[in-house]
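Structure at a glance
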Amino acid sequence: GDSVTQMEGPVTLSEEAFLTINCTYTATGYPSLFWYVQYPGEGLQLLLKATKADDKGSNKGFEATYRKETTSFHLEKGSVQVSDSAVYFCALSDRGSNYKLTFGKGTLLTVNP
Amino acid sequence: EAEVAQSPRYKITEKSQAVAFWCDPISGHATLYWYRQILGQGPELLVQFQDESVVDDSQLPKDRFSAERLKGVDSTLKIQPAELGDSAMYLCASSAGVNTEAFFGQGTRLTVV
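What counts, and where the lines are drawn
Residues numbered from 1 in each chain as written. Chains lettered and ligands numbered in written order. Predicted model: local features only at pLDDT ≥ 70, side-chain atom pairs only at ≥ 80, totals over all residues. Heavy atoms only, no water. Disulfide = S-S within 2.5 Å. Helix = DSSP H or I, 4+ residues; strand = E, 2+ residues; numbered from the N terminus. Contact = heavy atoms within 4.5 Å. Buried area = accessible area lost by both parts, 1.4 Å probe. Polar contact = N/O pair within 3.5 Å; in protein donor to acceptor, adjacent residues only side chain to side chain. Nonpolar A, V, L, I, M, F, W, Y, C, P; charged D, E, K, R; others polar. Pairing = 2+ DSSP bridges. Axes fitted to C-alpha atoms, helices over the stretch in contact; angles between N-to-C directions. Buried < 20%, exposed > 50% of the residue type's maximum accessible area, 1.4 Å probe, protein only.

**Here we look at the state of the cysteines**
Residue and element names in this part refer to chain A. All chains considered together, the criterion is met by 2 disulfides over all chains. The residue that forms a disulfide with Cys23 is Cys90, at a sulfur-sulfur distance of 1.9 Å. Taking the torsion about the sulfur-sulfur bond, which here is approximately -70 degrees, the covalent link between Cys23 and Cys90 counts as left-handed. On the criterion of sequence distance, the pair formed by Cys23 in strand 4 (residues 23-26) and Cys90 in strand 10 (residues 86-93) is long-range, its members being 67 residues apart.

Structural data, given as structure tokens:
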């Protein structure tokens, strides 16, 4: 079945530091890949997505590239801000699972001023 | 801006009692999902509807959980009887169709005491 493994947290960074959160996946088909963000007390918001190999999703300074050869979709940001503090979830969906979202366990990011 | 509405935001119930959650998806969205998010984990799908039909309920504990979407619009998730292990965030999401972006509500935080 489908699964997502992401870097365990928590991750604590200083403002303007570089961020990487690793994500790898296992899927029976050819999945679409997503990063969702969850701010305290809120639901999930789509941060970015990629639907085919070598696609780069980007939003709000965050980027992730769909790497089929390494089954990875690592999240990066060049300079984090305090407002980026949240839980980040890597997820996939594919046709074989009726396009339901399969999530990783989440990574808590705390950015200190 | 259209959003997925959920109520209540918070619910405390005693074990063995019945509890129900309500979700109103974005207007026109045919696909509706209920996810359960245990603290520190990623969301896991409980049930997926396409219009009023269940597409996937393989992870729904059917001895105590039920879900319905009678007119293919809003949906209710019920637990009877509630158990201590049901304490979690229950998230509703909707999408225009399969393989399109899913939008999440703010969730219902359930505490069973």
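**A look at the interface of chain B and chain A**
Between chain B and chain A, the contact holds 20 residues from the first and 17 residues from the second. When chain B packs against chain A, the two sides together hide about 1600 Å² of surface, and 51% of this comes from carbon and sulfur. At the boundary of chain B and chain A, one finds 5 residue pairs in polar contact (both at pLDDT 80 or more). Of all elements in the fold, only strand 4 (31-37), strand 5 (44-50) and strand 6 (53-56) of chain B reach the threshold of two or more residues within the side of chain B that touches chain A. When residues of the side of chain B that touches chain A are assigned to their parent elements, the largest contribution, 3 residues, is made by strand 4 of chain B. Tallied by class, the residues present in the side of chain B that touches chain A amount to 9 nonpolar, 8 polar and 3 charged.

**Notes on the sheet that holds strand 8 (residues 75-79) of chain B**
Residue and element names in this part refer to chain B. The strand order across the open sheet built from 4 strands is 1-3-8-7, with neighbouring strands paired in antiparallel fashion. Looking at which strands have only one partner, the edges of the open sheet turn out to be strand 1 (5-7) and strand 7 (65-68). Strand-to-strand twist in this sheet, taken as the mean axis angle between neighbours without regard to direction, amounts to 15 degrees.

**Remarks on the pairing of strand 10 of chain A**
Residue and element names in this part refer to chain A. Most of strand 10 sits inside the fold, with 7 of its 8 residues counted as buried. Across 3 bridges, strand 10 lies against strand 12 (residues 107-112) in antiparallel orientation. For Val87, the partnering residue across the bridge sits in strand 12 and is Leu108. Pairing of strand 10 with strand 11 (residues 102-103) involves 2 bridges; the strand directions are antiparallel. Pairing of Ala91 across the sheet is with Phe103, part of strand 11.

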